[in-house]
Amino acid sequence: MTIKETRQQILQRIDRENWDIIVIGGGITGAGILREATRRNLKALMLEQRDFAWGTSSRSTKMVHGGLRYLKEGNFALTRESVLERENLIAEFPGLVDNKGFILPFYRGKILQRLIIYIGLVIYDLLSKKWRKHVCSANEMNTMAPVIGKKDLRGGFYINDAITDDARLVFRVLSEALRTGATALNYCRVESLLKKNGQVKGVVCKDMESNTSLELKAKLVINATGAWADLLRKEIKKTNKKKIRPLRGSHLILSRKKLPLVKNISMIHPQDKRPVIVLVWEGRVLIGTTDIDHSGDLNREAFISSDEAKYLLEALQYSFPDLNLTRKDIIATQAGVRPVIDTGKENPSQESRDHVIWQEDGLLTVTGGKMTTFRIIALDALKSAQKITGPLKDLNKKQSIITEKIASLPTPPGMSEKTLTRLKGRYGNLADDLIKNARNNELDRIQDIDTIWAELRWAAENEMVVHLEDLMLRRSRLGLLFRNGAKELLPHVRSICQTALNWDDEKWKKEEADYLRLWQKHYAIPEF
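Residues numbered from 1 in each chain as written. Predicted model: local features only at pLDDT ≥ 70, side-chain atom pairs only at ≥ 80, totals over all residues. Heavy atoms only, no water.

(A) Highlighting the packing of aromatic side chains. Under the criterion given, the structure shown has 3 aromatic pairs. Relative to Phe157, the ring of Phe106 lies with its centre 4.9 Å away and its plane at 45°, an arrangement referred to as tilted. With Phe106 in strand E5 (residues 102-107) and Phe157 in strand E7 (residues 153-159), this residue pair connects regions lying 51 residues apart in the sequence. Given a relative accessible area of 10%, Phe106 falls into the buried group. (Phe/Tyr/Trp six-rings, centres within 6.5 Å; stacked < 30°, edge-to-face > 60°. Helix = DSSP H or I, 4+ residues; strand = E, 2+ residues; numbered from the N terminus. Buried < 20%, exposed > 50% of the residue type's maximum accessible area, 1.4 Å probe, protein only.)

(B) Structural view of the pattern of salt bridges. A complete count under the given rule lists 45 salt bridges for this structure. The partner of Glu176 in a salt bridge is Arg172, and the shortest N-O contact between them spans 3.2 Å. Separated by 4 residues within a single helix, Glu176 and Arg172 lie in helix H7 (residues 166-179), roughly one turn from each other. The class for Glu176 is buried, based on a relative accessible area of 1%. Judged by its relative accessible area of 2%, Arg172 falls in the buried class. Here Asp329 makes a salt bridge to Lys258, at a shortest N to O gap of 3.5 Å. Here the residue Asp329 occupies a position in the loop between helix H9 (306-319) and strand E18 (330-341), and Lys258 occupies one in the loop between strand E13 (244-255) and strand E14 (264-268), the gap between them amounting to 71 residues. It is possible to trace a salt-bridge network through shared partners that takes in Asp51, Glu469, Asp470, Arg474 and Arg475. (Salt bridge = Lys/Arg side-chain N within 4 Å of Asp/Glu carboxyl O.)

(C) Fine view of unusual backbone geometry. Of note, the bond from Gly288 into Thr289 is cis; its omega dihedral lies within 30 degrees of zero at 10°. Structurally, Thr289 can be placed in the loop between strand E16 (284-288) and strand E17 (292-293). Phi at Asn211 is positive, roughly 60°, even though this residue is not glycine. Residue position: Asn211 is located in the loop between strand E11 (199-207) and strand E12 (212-223). Given the relative accessible area of 54%, Asn211 is considered exposed. For Lys273, which is not a glycine, the phi torsion comes out positive at approximately 65°. For Lys273, the position within the fold is in the loop between E14 and strand E15 (275-281).

Function-wise, these values are silent; they only describe arrangement.
This is the structure we're talking about:
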């Protein structure tokens, strides 16, 4: 993502523009809508009250999956839609969305349960139109997952899916939108809706950094705020009933030295029989997720509870009994709030993950759904938008998100082909500029993770970093991948980024203190 204008330049012009669409919400749904709107020549603006991808879209389990569990609920349409879209994303974003499956071990007994899973996997492959191996022997399991519990192990199922860096996927889609004429602004909160003859015709927003308030007019306002959707819907006449059930999903992050995985693993929690995913991500191991009602203030950053941390650690101890994993082995935690439509189910995990679209007095609300199907959600939103915008072309035509052809780049000396593919997946053709912009040793990997130092410089110079937390938790993931929020790396981060960010020493010290305080409260391991 490259923002050619400064925030101040954007703020000085956006209230003079005649917008076709204002999208509220800077997650993957908002980014997808912005991308699809601009390719149809709509003048579109995105406003995000915090940072891009600050909410759910940087706190997922990193899976781009087809929704195997939805087969159990009989939702074949959602599963098929998700499976096909997963395959599209793998093809479009090599190095960012990677085909990396999971193995689900099975033990002695429960033959009927194993048969049901096998049938589900067969249907899964039929929907994706790709046939793959489904069953692994006990010997194969020992090779692929040597650290898994061996007692009564009979084999495993191979589940085909994909993983990504969810925040970087948001930035990659945003990059495509910006390249085709969109405007996006972070840290700009919508305070209220502008109405004319009872219909929403714009917003009153406030830039959180300068305290500047602006009135922005548009033909259509789209509420893509996810779990926050009901808060904005309160502005609409006669809309008092909540429709969103915020559910918290929390994760643990461990080093691969403590949990040396060869393959990603899906395991069944011994307590409630829910699936728990253990996957290799960015050089670390991510474990999740929980699925509980979130009753906290949505405007305060979510964090894992002691009970959730114990729950996930219990799953690890049960499945990897010989590793003797304890609380001390956890590097960091992360929690996010999912926007799920409330149908009154007692068990949160049984609520539907499908998306919905509501039109209320000119406000179009899009919420629910999964990261995998963000493009389909965006197209459905624009189909509904035609009532106000007029006809839009090609809404039923399959088109790639990326319209530019990714150039063939030479691999720099000392860089692996894998790292180059990773950079191209995250930055597209801008990867060439990122590499050329690197200074001494900035093409080196940061210790044992996949990120290179040059990515920090690029983000500081090009990706609208407003606070240090933006750089450490979303543009890069250093704050999640090292203990204490990567505090020991901050001096080197400062040497690369301070000048690029145009921060004086006082500003840097304040940002560093704020970031470390935030990390300790929301990303550290709770006491239990």
